[in-house]
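Each chain, letter by letter, is given below.
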Amino acid sequence: MASSISCLPPDGLAFLRALKRNNRREWFKPRKDKYEAVVRAPLVAMVERLAADLRGFAPDLVASPRASLYRIYRDTRFSANKTPYKTHAAAVFPCRSLPKHQGAGLYFHVSPDEVWIGGGMYAPDTSQLQAVREHIAANVRRLRTIVESPSFRRTVGRLEGERLQRVPRGFPKDHDAAEYLRYRQFLAGAEYPPAFATSPRFYATVVKVFREISPLIRFLNEPLLNH
């Protein structure tokens, strides 16, 4: 039953490892059906299962195979790396009320090198970043309650992402929120070994991490929804 799928089969991870070694169209094309069966189909089933689970704690985020799953094909037009396929499988769960690729969302990927489960705001544009910083400045106590809580620290560690050397212009250097105002990205997540994707605990861990960081995602999207 699709809804009970909680991990990738070992064949799925083996396929991604083989693809990393053989990243060529002539290798992939005769094995496309295998990719669909051992990588894409289990991910589709997990995304459909997440659609139900996210309703309980992150109803503002979208989970559907069409919106969430990344294509395996790389866009090589502007890249020095001309290999045609991605060697990881990934899914994103964006905010349903914001345009595509905007705002904060949840995300996981499985690769031959690692599993990463988390989310955040990866590349906000200048106006979005300014709106988020103003929101942080006005609500730093709420942000601290989320990202400095013992359960957040236990599950994903500290808030990560690129930071400025100094507090950005327009905010006092000694602002209560100074350390958080310096962020240019807001990321939180946990890394696991590649084989964790084939563990029966994989899906439950995705849900656990997503549940833990969903208040951060909601906090980051608030100023964009009210913009």
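Residues numbered from 1 in each chain as written. Predicted model: local features only at pLDDT ≥ 70, side-chain atom pairs only at ≥ 80, totals over all residues. Heavy atoms only, no water.

K.L.:
An account of the packing of helix α3 (residues 32–57) against helix α9 (residues 202–225) is requested, with residue identities and associated values reported.
P.N.:
Interhelical geometry of α3 versus α9 gives an angle of 45° and a closest axis separation of 11 Å. Compared by their axis directions, α3 and α9 come out oblique. Between α3 and α9 the crossing geometry is right-handed. Here α3 contributes M46, R49, L50, D53, L54 and F57 to the contact with α9, which in turn contributes F202, Y203, V206, V207, F210, R211, S214 and R218. When the residues that make up the contact of α3 with α9 are grouped by side-chain class, the tally is nine nonpolar, one polar and four charged. (Axes fitted to C-alpha atoms, helices over the stretch in contact; angles between N-to-C directions. Helix = DSSP H or I, 4+ residues; strand = E, 2+ residues; numbered from the N terminus. Parallel < 35°, antiparallel > 145°, perpendicular 65-115°, else oblique. Left-handed = near helix turned anticlockwise from the far one by under 90°. Contact = heavy atoms within 4.5 Å. Nonpolar A, V, L, I, M, F, W, Y, C, P; charged D, E, K, R; others polar.)

K.L.:
Please provide a residue-by-residue account of helix α6 (residues 140–147), values included.
P.N.:
Every buried residue of α6 is accounted for by V140, L143, I146 and V147. Around the axis of α6, the buried residues are gathered within 120° of arc, so they sit on the same side. Structural note: α6 exposes R141 and T145 on the side pointing more than 90 degrees away from its buried face. Check the buried side of α6 and you find it contacts α5 (126–138), α7 (150–156), α8 (178–181) and α9. (Buried < 20%, exposed > 50% of the residue type's maximum accessible area, 1.4 Å probe, protein only. Arc of directions from axis to C-beta.)

K.L.:
Which residues make up the packing of α5 against α6, and what are the values?
P.N.:
Two elements in contact, α5 and α6, have axes whose closest approach is 5 Å; the angle formed by their N-to-C orientations is 90°. Here α5 is positioned roughly perpendicular relative to α6, judged by the angle of their axes. Where α5 abuts α6, its residues H135, I136, A137 and A138 lie against V140, R142 and L143. For the contact of α5 with α6, the class distribution of residues is five nonpolar, one polar and one charged.

K.L.:
Which residues make up the nonpolar core, and what values do they have?
P.N.:
Counting residues in hydrophobic clusters, the biggest one holds 72 residues, and the most contacted among them are F93, F108, F202 and F210. Setting aside anything within four residues of it in sequence, one finds F210 in contact with L50, L54, F57, F93, L106, Y107, F108, I117 and G118. (Core = buried A, V, L, I, M, F, W, Y, C linked by side-chain atoms within 4.5 Å.)

K.L.:
Give me the lowdown on the side chain of N23, citing residues and values where you can.
P.N.:
Within the element layout of this structure, N23 appears in the loop between α1 (10–21) and α2 (25–28). Overall, the relative accessible area of 13% leaves N23 in the buried class. A polar contact of 2.8 Å, which involves the side chain of N23, links it to the backbone oxygen of Y85. Leave out the neighbours within four places in its chain, and N23 touches T83, P84, Y85 and T87. (Polar contact = N/O pair within 3.5 Å; in protein donor to acceptor, adjacent residues only side chain to side chain.)

K.L.:
Go over the packing of aromatic side chains with me, naming the residues and quoting the values.
P.N.:
Overall, the coordinates contain 16 aromatic pairs when judged by the stated rule. A centroid spacing of 6.0 Å and a plane angle of 40° characterise the contact between F15 and Y35, whose relative ring orientation is tilted. Placement of the pair is F15 in helix α1 and Y35 in helix α3, with a sequence separation of 20 residues. You'll find F15 and Y35 in the same group, each marked buried. Measuring from centroid to centroid gives 6.4 Å for F28 and Y73, while their planes differ by 80°, and the two rings are edge-to-face. (Phe/Tyr/Trp six-rings, centres within 6.5 Å; stacked < 30°, edge-to-face > 60°.)

K.L.:
Now, about unusual backbone geometry: what can you tell me, with residues and values included?
P.N.:
Although it is not a glycine, H101 adopts a positive phi angle of roughly 65°. Of note, H101 is situated in the loop between β1 (89–93) and β2 (105–110).

K.L.:
An account of the environment of P193 is needed here, citing residue identities and associated values.
P.N.:
Relative to the assigned elements, P193 resides in the loop between β4 (186–192) and α9. When its relative accessible area of 54% is taken as the criterion, P193 is described as exposed.

K.L.:
Give me the pattern of salt bridges: which residues, what numbers.
P.N.:
Evaluated as defined, the whole model comprises nine salt bridges. Among the ionic pairs, E36 bridges to K32, the shortest N-O distance being 3.6 Å. Placement of the pair is E36 and K32 together in helix α3, with a separation of four residues, close to one helical turn. For E36, a relative accessible area of 30% corresponds to the partly exposed category. When salt bridges that share partners are traced, they join K32, E36 and R40 into one network. (Salt bridge = Lys/Arg side-chain N within 4 Å of Asp/Glu carboxyl O.)

K.L.:
Break down the sheet that holds β2 for me, with residues and values.
P.N.:
Taken in spatial order, the four strands line up as β1-β2-β3-β4 in an open sheet, and their pairing is antiparallel. At either end of the open sheet lies a strand with only one pairing partner, and these are β1 and β4. Looking at each pair of strands side by side, their axes are set apart by 10° on average, direction ignored. Pairing of β2 with strand β3 (residues 115–121), which is carried by six bridges, proceeds in the antiparallel orientation. From the neighbouring strand, G105 faces β3, where its bridge partner is G120. Contacts between α3 and the sheet are confined to β1 and β2, with β1 contributing the most and set at about 20° to the helix. (Pairing = 2+ DSSP bridges.)

By themselves, these observations are geometric and do not establish any function.
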